[in-house]
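Spelled out, the chains give:
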Amino acid sequence: MTDDDQRFMRRAIELSRQTALVESAGGVFGSVIVQDGRILAEGANRVVAENDPTWHGEIEAIRKACKAEGSFKLRDATLYTSAEPCPMCMAAAYWAGIKRIFYAATNGDAFEYGDFDDTMIYGELKKPAEARSIPMKQMLRAEAVEVWKAYKAKPDRVPY
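The rules behind these values
Residues numbered from 1 in each chain as written. Predicted model: local features only at pLDDT ≥ 70, side-chain atom pairs only at ≥ 80, totals over all residues. Heavy atoms only, no water. Helix = DSSP H or I, 4+ residues; strand = E, 2+ residues; numbered from the N terminus. Contact = heavy atoms within 4.5 Å. Buried < 20%, exposed > 50% of the residue type's maximum accessible area, 1.4 Å probe, protein only. Salt bridge = Lys/Arg side-chain N within 4 Å of Asp/Glu carboxyl O. Patch = residues over 30% accessible without salt bridge, like charges linked within 9 Å, V, L, I, M, F, W, Y side chains within 5 Å. Areas by Shrake-Rupley, 256 points an atom, 1.4 Å probe, with all protein chains shown as cover. Expected span 1.5 Å × (residues − 1). Arc of directions from axis to C-beta. Core = buried A, V, L, I, M, F, W, Y, C linked by side-chain atoms within 4.5 Å.

(A) Spatial organisation of unusual backbone geometry. Located in the positive-phi region is D76, a residue other than glycine, with phi close to 70 degrees. By the secondary structure assignment, D76 is in the loop between α3 (57-69) and β3 (78-83). Its identity as a non-glycine residue notwithstanding, L140 has a phi of 55 degrees, on the positive side. By secondary structure assignment, the location of L140 is in the loop between α6 (119-126) and α7 (141-153).

(B) Structural detail: the environment of A12. With respect to the helices, strands and loops of the structure, A12 is situated in helix α1 (residues 3-22). Contact partners of A12, with chain neighbours within four places excluded, come to G30, S31, V32, Y80, T81 and S82.

(C) Region of interest: helix α4 (residues 87-96). Among the residues of α4, P87, C89, A92, A93 and A96 are the ones counted as buried. Where the residues of α4 are buried, they touch α3, β4 (100-105) and α6.

(D) Structural view of the pattern of salt bridges. The full count for this structure, using the stated rule, is eleven salt bridges. Measuring nitrogen to oxygen at the nearest pair gives 2.7 Å for the salt bridge that ties E14 to R17. With E14 and R17 both in helix α1 and three residues apart, this pair spans about one turn of that helix. Exposure remark for R17: the relative accessible area of 36% places this residue in the partly exposed category. Note that E23 and R46 form a salt bridge whose closest N and O atoms lie 3.2 Å from each other. Separated by 23 residues along the polypeptide, E23 in the loop between α1 and β1 (30-35) and R46 in the loop between β2 (38-44) and α2 (47-50) bring together distant segments of the chain. Salt bridges here are not isolated pairs; linked through shared partners, they connect E23, R46 and E50.

(E) Focus on a nonpolar patch on the surface. A contiguous nonpolar patch, built from F72, V158 and Y160 and spanning about 380 Å² of accessible area, is present on the exposed surface. On the secondary structure map, F72 appears in the loop between α3 and β3. With a relative accessible area of 39%, F72 lands in the partly exposed category.

(F) Focus on α1. Counted at 1.5 Å a residue, the expected span for α1 with its 20 residues is 28 Å, and the 27 Å between its end C-alpha atoms agrees. Along α1, the residues that are buried comprise D5, F8, M9, A12, L15, S16, T19 and A20. Buried positions in α1, seen along its axis, are confined to an arc of 115 degrees and lie on one side of it. In α1, those exposed residues whose orientation departs by more than 90 degrees from the buried face are D3, R10 and L21. Looking at the buried side of α1, the elements it contacts are β1, β2, β3 and β4. Just beyond α1, the residue with positive phi is S24, at close to 50 degrees.

(G) How the structure looks around the nonpolar core. By size, the foremost hydrophobic cluster in this structure holds 17 residues, and its most contacted members are I33, I62, A65, L74 and I98. For this core, the secondary-structure elements that each account for two or more residues are β2, α3 and α4. Of the residues forming this core, the biggest block, five residues, is contributed by α3. Core analysis: the second largest hydrophobic core is formed by seven residues, M9, V32, V34 and Y80 among them.

Shown next, in the form of structure tokens:
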């Protein structure tokens with residue numbers, strides 16, 4: 001771990017302090033995305049302030065960084081986050097092409113000191129769709145697949 005890594009992590013931790021203790025905007029979660037030694041974007045949890053369960057620090061930072069870079073991929077970027085990412089944020093990091101993640105507090109710390117518990121979500125994701133606690137039923141597949149087929153054939157489709 002370099003001095004820069006520590007500096008960027010301290011910034012993520014400061015964002016977590018600001019959002020949770022000063023603004024009371026959400027949980028103790030702050031994030032910084034860095035590429036080539038410079039901060040592309042920062043984010044903080046604002047779930048409470050915005051009444052948005054997806055307004056996590058990592059999600060905000062990824063959105064801002066992608067907008068700043070003009071791309072939905074952040075190849076070679078590093079995410080510094082004050083706590084281990086939840087399932088949603090981890091998935092977003094993969095989709096964004098984040099290269100490395102550094103985190104400070106663990107999921108266990110978030111549970112012990114803030115009552116944040118994602119174990120149910122991890123467990124649900126391991127179950128087949130029909131066994132999950134939120135009922136899921138497939139319908140109108142043929143109609144949806146027609147759109148997928150057209151998408152596949154679209155000559156100017158942007159590859160993910």
